[in-house]
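One letter stands for each residue in the lines below.
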Amino acid sequence: MRAPDQLAQVAGFSSSISAHSLRILLEANGVRAVVVGDVMNETGLELVSVYVHASQVETAMVIIREIPAASEVLIPAWRCLCGADVDAGFHCCWSCGREAEETSSEE
Ligand SMILES: [Zn+2]
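The following paragraphs examine the structure supplied in this document. (Residues numbered from 1 in each chain as written. Predicted model: local features only at pLDDT ≥ 70, side-chain atom pairs only at ≥ 80, totals over all residues. Heavy atoms only, no water.)

**Section: the overall build of the chain**
And step 1. A tally of helices and strands in the chain yields three helices and seven strands.
And step 2. Listed N to C, the secondary structure of the chain is β-α-β-β-β-β-α-α-β-β in terms of helices and strands.
And step 3. Restricting the contact set of the chain to residue pairs at least 6 apart, pairs at least 24 apart contribute 45%.
And step 4. Working note: accessible area of the chain is about 6800 Å², and carbon and sulfur atoms make up 51% of it. (Helix = DSSP H or I, 4+ residues; strand = E, 2+ residues; numbered from the N terminus. Contact = heavy atoms within 4.5 Å. Areas by Shrake-Rupley, 256 points an atom, 1.4 Å probe, with all protein chains shown as cover.)

In structure tokens, the structure reads:
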């Protein structure tokens, strides 16, 4: 399956569930999104990509950047430095608001 020319890839995932989670999030924010690649072929499951219309790429990237859940849908369950157990898929601690990757790098 090939994406039409006017679409641009904004994210790639190894799981279609993650890709669809992002698609739903984008569409909830007014960005039409398409998931491409969540089909099995002879070589196995390909990378699942999320495409949006070229005119909405910037908006999509802002959403992906600004909404933690969008960029961290692949994150596994983790334990915050404050001791709280955070469910998989959540970028920020529900208890103290600390970010999961705060110990590595910040933008
Ligand atoms: Zn915490």
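**Examining the coordination of the zinc ion**
And step 1. The coordination sphere of the zinc ion contains the protein donors Cys80 (SG), Cys82 (SG), Cys93 (SG) and Cys96 (SG), at a distance range of 2.2 to 2.3 Å.
And step 2. Classification of the site at the zinc ion as tetrahedral follows from its four donor atoms and the range of 103 to 115° in their angles at the metal.
And step 3. Given the relative accessible area of 4%, Cys80 is considered buried. (Donors = N, O, S within 2.8 Å, 3.2 Å for Na, K, Ca; no water. Tetrahedral: all angles 85-135°; square planar, octahedral: opposite > 155°, others 65-115°. Buried < 20%, exposed > 50% of the residue type's maximum accessible area, 1.4 Å probe, protein only.)

**Regarding the side chain of Ser49**
And step 1. Structurally, Ser49 can be placed in strand β5 (residues 48–53).
And step 2. A polar side-chain atom of Ser49 sits 3.1 Å from a polar atom in the side chain of Gln9.
And step 3. Leave out the neighbours within four places in its chain, and Ser49 touches Gln9, Ala11, Gly12, Val34, Val35 and Val36. (Polar contact = N/O pair within 3.5 Å; in protein donor to acceptor, adjacent residues only side chain to side chain.)

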